[in-house]
Structure formats: structure tokens, C-alpha cells
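A closer look at the structure
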Amino acid sequence: MNDGSSVDQASSSLPVQRVQTAAAPCCGGGTSESQALTSNVTAGDAIVVTIGWFTTAPGSTASIASVTDTLGNAFTLIPSSYALETNVADYGNGNFYSEIAYAKASPPGADTITFTLTGSVTFSLLYVVETTPCTLDAASGGNGSSGAPNAGTVTIAVDGELAVAMTDMDPSTTATGSGLLPGPGWSMQSSGVAEAIFGQEIEEAVPAGPLVGVFDGNGNSGQWMASMAAFESP
């Protein structure tokens, strides 16, 4: 019996909103990279970090050792977002990697985020998003070779979630010299062209149901990895 005191969760959740973004899109390297947020973080907000890194030597590997920031947040890696593309042709048959991490309930203040790897890499990418308070709902990662990098499909639990996705593509098959475009429903936050093309996209007010973490290669085709994570209000 419904006495009218409860409502459907999918229609009652507060939407998760983007507060600010910052990017170190290319081309760091070595064992770590850092990125500062432009404005002070608001108390209680979450910080989402998407990371890509690349080894150009066959058999050379590296993984994320830690994600830290100057506010002392405890970051959690999201293993289900991890993606790996091996034997990348124009990268000396090296590897492309990506993974997402996040921290909940940040203290306020100026913030710089740093990730550290277990070994030295040739290139790395770092994207940071401050959001209103949230917690992880679902995540996925994918790899392949095509003109549409795709982190996979997740099922969004409630209306009003926020999702982030990142990718890097080696445009060895075709190369237009132009950056990526966002997938349907997504908004590109940062995109560029270096020795590979890369970018981060965000979708806000994501409705409950299936969500595909896809990019548009914008005329480019090649090997890629991609990661996606979706966040709901706590």
C-alpha cells in the first residue's frame, strides 16, 4: 500500500551538476602529472579525475600508484572504468591506458590534483571536474580500433546523473588533423590533436536507463581506449 509519503527514486533525485573543469590534455610524461583548478572548491563537492597515459615501448607497462590533491582528499580509483589498448601501431606497439578516480565531500579551498604512476611513461593526460555532491553509480571501459571510440554502455539508476568519459585515439588509419567530436547527448570539454587525438566529454541531467560512452572520431579512425563513469546524488 502506498500512503503517498514516498516517491519514485528516479524522479526525486537532485541532479548532479558540473561546477568547474580543468585539463592538462597533453603532453605530460614521466611518472606524474598535476593540474590546478581555477576556482576554489566548494565544501562538500566531489572531484572527478580522468587519466590517460601512454607507453611507446613494447612490453613497457605502468599503472596508477596514487591520486592525491592539496586539500587532502581520499581518491578512489574505479577499476570498472579501466581501459587498455595494447600494441598501438603508431606508438611503437606500446600501450594506451585510461582510468577514472573520484573523491567525495571535499573540504573547501584552492586545489591541485596529482596522479603518480608506477613507472615512467611517454605521454599522459589529466582532466578534472568538480561536481556538486555525488557518489559513483556505474562505470565502464573499452578499447578497439574504429572511428568511434566507445567506453561501453552502463545502466543509469536515477534521473539527473552526471557522466564523464575520456578517450585517446591513434589516427594511424586516417587523419584529418581535427580533434574529436562528442557523442550524441554529450558535450565536449577538452579536445586536441598531438601525435594522437584525445578528449573528455560530459553529459549532465542523464536520464535513468542505458548510457553509451561514445565519441565521434570526426573523420579519424584508429586504435583507441576509452573510460566512462556516471555519478548520482548521495
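Here goes a summary of the coordinates provided. The shown structure was predicted, so the numbers you read here are calculated from the model rather than taken from an experiment.

On to the nonpolar core, then. By size, the foremost hydrophobic cluster in this structure holds 22 residues, and its most contacted members are V49, I51, W53, V67 and I113. Counting residues per element, the ones that place at least two in this core are strand 1 (18-36), strand 2 (46-55), strand 3 (64-69), strand 5 (94-103) and strand 6 (112-131). The dominant element in this core, judged by the number of residues it contributes, is strand 6, at six residues. Of all hydrophobic cores here, the second largest spans 17 residues; its members include V154, I156, W186 and W224.

Another point: the sheet that holds strand 13 (residues 209-216). On the basis of which strands lie adjacent, the open sheet formed by three strands has the order 8-13-10 and antiparallel pairing. Taken across any chain shown, the strands that pair with only one partner, and hence form the sheet edges, are strand 8 (150-156) and strand 10 (181-182).

Another aspect to go through is the environment of W186. Inspection of the secondary structure puts W186 in the loop between strand 10 and strand 11 (187-193). Excluding residues within four positions of it along the chain, W186 makes contact with A163, V164, A165, E201, I202, E203, L211, V212, G213, V214 and M228. A polar contact of 3.0 Å, which involves the side chain of W186, links it to the backbone oxygen of V212.

For Q35, the location among the structural elements is in strand 1. Judged by its relative accessible area of 17%, Q35 falls in the buried class. In this structure, Q35 is in contact with A22, A23, A24, D111, T112, I113, L126 and V128, ignoring residues within four places of it in sequence.

This part is about the packing of aromatic side chains. For the coordinates displayed, the defined rule picks out six aromatic pairs. Taking the centre distance of 6.2 Å and the plane angle of 55 degrees together, the rings of F54 and Y91 count as tilted. With F54 in strand 2 and Y91 in the loop between strand 4 (76-88) and strand 5, this pair connects stretches of sequence that are 37 residues apart. The class of F54 is buried, set by a relative accessible area of 1%. When the ring of Y91 is compared with that of F96, the centres are 4.8 Å apart and the planes differ by 85 degrees; the resulting orientation is edge-to-face. Classification of Y91 as buried rests on a relative accessible area of 5%. Among the residues examined, F96 registers a relative accessible area of 0% and is labelled buried.

Examined against the element boundaries, T114 turns out to sit in strand 6. Among the polar contacts listed, one links the side chain of T114 to the side chain of S34, at a separation of 2.5 Å. With sequence-adjacent residues up to four places away left out, T114 is seen in contact with S32, E33, S34, S66, V67 and T68.

As a further point, take the pattern of salt bridges. On inspection of all chains with the given rule, the structure shows one salt bridge. The residue R18 makes a salt bridge to E204 at a minimum N-O spacing of 3.6 Å. Of the two residues, R18 is situated in strand 1 and E204 in strand 12 (residues 197-206); the sequence distance between them amounts to 186 residues. The exposure class of R18 is partly exposed, given its relative accessible area of 34%.

Turning our attention to the environment of E232. By the secondary structure assignment, E232 is in strand 14 (residues 221-232). Along the sequence, E232 and A138 sit 94 residues apart, while their C-alpha atoms lie 9.1 Å from each other.

Along a regular strand, successive side chains alternate from one face of the sheet to the other. Most of strand 12 is tucked away: eight of the ten residues are buried. Pairing of strand 11 with strand 12, which is carried by six bridges, proceeds in the antiparallel orientation. When the bridges of strand 12 are listed, S190 appears paired with Q200.

Time to look at unusual backbone geometry. A positive phi angle, near 55 degrees, is found at N87, a position not held by glycine. Positionally, N87 belongs in strand 4. Phi is positive for N93, which is not a glycine, with a value near 65 degrees. As for its placement among the helices and strands, N93 is situated in the loop between strand 4 and strand 5.

Calculation criteria
Residues numbered from 1 in each chain as written. Predicted model: local features only at pLDDT ≥ 70, side-chain atom pairs only at ≥ 80, totals over all residues. Heavy atoms only, no water. Core = buried A, V, L, I, M, F, W, Y, C linked by side-chain atoms within 4.5 Å. Buried < 20%, exposed > 50% of the residue type's maximum accessible area, 1.4 Å probe, protein only. Helix = DSSP H or I, 4+ residues; strand = E, 2+ residues; numbered from the N terminus. Pairing = 2+ DSSP bridges. Contact = heavy atoms within 4.5 Å. Polar contact = N/O pair within 3.5 Å; in protein donor to acceptor, adjacent residues only side chain to side chain. Phe/Tyr/Trp six-rings, centres within 6.5 Å; stacked < 30°, edge-to-face > 60°. Salt bridge = Lys/Arg side-chain N within 4 Å of Asp/Glu carboxyl O.

Honestly, that's just the spatial picture; any functional story needs more than this.
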